[in-house]
Amino acid sequence: MSVSFLTSGGHRLEYQWIRPARAGAHAPALVFLHEGLGSLAMWKGFPSEAAAATGCPALIYSRYGYGKSDRLDAPRAVDYMHREALETLPDLLRQLGVASPILVGHSDGASIALIHAGSGRWPVRGLVLMAPHVFVEELTVNSIAQAKVAFETTDLAAKLARYHDDPASTFQGWNDIWLDPDFRRWNIEAYLAGVRARVLLIQGEDDQYGTVAQVRAIERQLRGPVETLMLERCAHAPHLDRKQATLDALAGFVRRLLRQPNAARAAR
């Protein structure tokens, strides 16, 4: 499947459509939003399997500074996820004709999905959130500091080079802002009450970048229906660490979601 490019948010971004052989006639798109060091390619086969399991087309893209999208040319600001959620993502969806998607977000991508849906500006059919962050935890900062050491002393840069045109700027763009003292105040809980779409939360019990406190904060403040899956023997990437369990949960969630006749209207 070929990769295409468009310009959104002032930057050239790579994207890819995956259309299952047995797509539903009016199936919403699954839009995949990657983690802080992720990219289109780093999702590996998971979007294809999710599309096949749900009958929904899948849209994957690399954000600015990731994958084969434009390279980062300036440090990230504290509001970089807000800009993605409120400016770039809506423009990208508009250009590609995607209405009322199911957003599938991992880590930073899950936070972007919450901001986007919680703003109430655009219709969202559902949210699948893996390892989401809504505030900054000490565990997260400590693990990101350890990642910096790993980048400087191990072959982490070479591994990232398989997926990013400029692994150094990709890593530093993510690492530097999360370790910036100003980022300690980052918090998106104010958006949670605005989320009207159904939500599936998936969290690894061994996540090195976040605790169950993130999940509990989301559960407590969402006003719409929410389902939670806590996975044993699972770290920060449920779709890789416990792929089948994650895939089954996503597919079941989408089936239940599509049986709700007023789901699209309720998400507006």
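Residues numbered from 1 in each chain as written. Predicted model: local features only at pLDDT ≥ 70, side-chain atom pairs only at ≥ 80, totals over all residues. Heavy atoms only, no water.

**Looking at the overall build of the chain**
Piece 1. When its secondary structure is counted, the chain shows 10 helices and eight strands.
Piece 2. Over its C-alpha trace the chain gives a radius of gyration of 17 Å, about what one expects of a compact globule, namely 18 Å for 268 residues.
Piece 3. Each of the three principal axes of the chain carries a C-alpha extent, and together these read 50 × 40 × 35 Å.
Piece 4. For the chain, the residues scored as buried account for 55% of the 268 residues in total.
Piece 5. Contacts in the chain between residues at least 24 apart in sequence constitute 78% of all its contacts with a sequence separation of at least 6.
Piece 6. Carbon and sulfur atoms form 48% of the exposed surface of the chain, whose accessible area is close to 11500 Å².
Piece 7. Side-chain charges of the chain comprise 30 positive and 28 negative groups, with the mean position of each set lying 9 Å from the other. (Helix = DSSP H or I, 4+ residues; strand = E, 2+ residues; numbered from the N terminus. Rg over C-alpha atoms; globule rule 2.2 N^0.38 Å. Buried < 20%, exposed > 50% of the residue type's maximum accessible area, 1.4 Å probe, protein only. Contact = heavy atoms within 4.5 Å. Areas by Shrake-Rupley, 256 points an atom, 1.4 Å probe, with all protein chains shown as cover. Lys, Arg positive; Asp, Glu negative; His and termini not counted. Charge placed at Lys NZ, Arg CZ, Asp CG, Glu CD.)

**Observations concerning the pairing of strand β3 (residues 30-33)**
The side chains of a regular strand alternate between both faces of the sheet.
Piece 1. With burial as the criterion, each face of β3 is covered, one bearing Leu-30 and Phe-32 and the other bearing Val-31 and Leu-33.
Piece 2. Sheet analysis places β3 next to strand β4 (residues 58-61), joined by three bridges and oriented parallel. Note on β4: the bridge partner recorded for Leu-30 is Ala-58.
Piece 3. For the handedness criterion, the β-α-β arrangement of β3, helix α1 (residues 46-54) and β4 is classed as right-handed.
Piece 4. Summarising the sheet, β3 and strand β5 (residues 102-106) pair through four bridges and their orientation is parallel. (Pairing = 2+ DSSP bridges. Right-handed = clockwise from strand over helix to strand, strands pointing away.)

**Things to note about unusual backbone geometry**
Piece 1. Even without a glycine there, the phi angle at Lys-44 is positive, about 55 degrees.
Piece 2. Inspection of the secondary structure puts Lys-44 in the loop between β3 and α1.
Piece 3. Classification of Lys-44 by relative accessible area gives exposed; the value is 54%.

**Observations concerning the nonpolar core**
Piece 1. One finds Leu-114, Leu-127, Trp-174 and Trp-178 to be the most contacted residues of the largest nonpolar core, which totals 56 residues.
Piece 2. The biggest single contributor to this core is helix α2 (residues 80-95), with seven residues.
Piece 3. Not counting residues within four places of it along the chain, the set of residues in contact with Leu-127 comprises Leu-103, Ala-113, Leu-114, Ala-117, Val-195, Arg-198, Val-199, Leu-200 and Phe-253.
Piece 4. In this structure, Ala-58, Val-104, Leu-231 and Leu-247 belong to the second largest nonpolar core, which totals 25 residues. (Core = buried A, V, L, I, M, F, W, Y, C linked by side-chain atoms within 4.5 Å.)

**Details of helix α7 (residues 212-221)**
Piece 1. Listed as buried for α7 are Gln-214, Val-215, Ala-217 and Ile-218. Seen end-on, α7 carries its buried residues on one side only, within an arc spanning 165 degrees. (Arc of directions from axis to C-beta.)

**Quick word on the packing of helix α4 (residues 138-153) against helix α6 (residues 167-179)**
Piece 1. With their axes 10 Å apart at the nearest point, α4 and α6 run at an angle of 150 degrees to one another. In terms of axis orientation, α4 runs roughly antiparallel to α6. Relative to α6, α4 is oriented so that their crossing is left-handed. Between α4 and α6, the residues in contact are Thr-140, Val-141, Ile-144, Ala-145, Ala-147, Lys-148 and Phe-151 and Pro-167, Ala-168, Phe-171, Trp-174, Asn-175, Trp-178 and Leu-179, respectively. (Axes fitted to C-alpha atoms, helices over the stretch in contact; angles between N-to-C directions. Parallel < 35°, antiparallel > 145°, perpendicular 65-115°, else oblique. Left-handed = near helix turned anticlockwise from the far one by under 90°.)

**Some details on α4**
Piece 1. Between its terminal C-alpha atoms α4 stretches 23 Å, which fits the 22 Å expected from 16 residues at 1.5 Å a residue.
Piece 2. Here α4 has its buried residues at Thr-140, Val-141, Ser-143, Ile-144, Ala-147 and Phe-151. Down the axis of α4, the buried side of the element spans an arc of 165 degrees, and every buried residue falls inside it. Residues Gln-146, Glu-152 and Thr-153 are exposed on α4 and point more than 90 degrees away from its buried face. (Expected span 1.5 Å × (residues − 1).)

**Describing the packing of aromatic side chains**
Piece 1. For the structure on display, the rule yields nine aromatic pairs.
Piece 2. Consider the rings of Trp-174 and Tyr-209, whose centres lie 6.3 Å apart with planes at 75 degrees: the pair is edge-to-face. On the criterion of sequence distance, the pair formed by Trp-174 in helix α6 and Tyr-209 in the loop between β7 (198-204) and α7 is long-range, its members being 35 residues apart. One exposure class covers both Trp-174 and Tyr-209, and it is buried.
Piece 3. Centroid distance Trp-178 to Trp-186: 5.9 Å. Interplanar angle 55 degrees. Geometry classified as tilted. The pair Trp-178 / Trp-186 is uniform in exposure class, with both members buried.
Piece 4. Site record: aromatic cluster; members linked through ring pairs are Tyr-80, Trp-178, Phe-183 and Trp-186.
Piece 5. Looking at Arg-12, its charged tip hangs above the ring of Phe-5, at a distance of 3.7 Å from the centre.
Piece 6. Above the plane of the ring of Trp-17 lies Arg-19, whose end atom (NZ or CZ) is 4.4 Å from the centre. (Phe/Tyr/Trp six-rings, centres within 6.5 Å; stacked < 30°, edge-to-face > 60°. Lys NZ or Arg CZ within 6 Å of the ring centre and 35° of its normal.)

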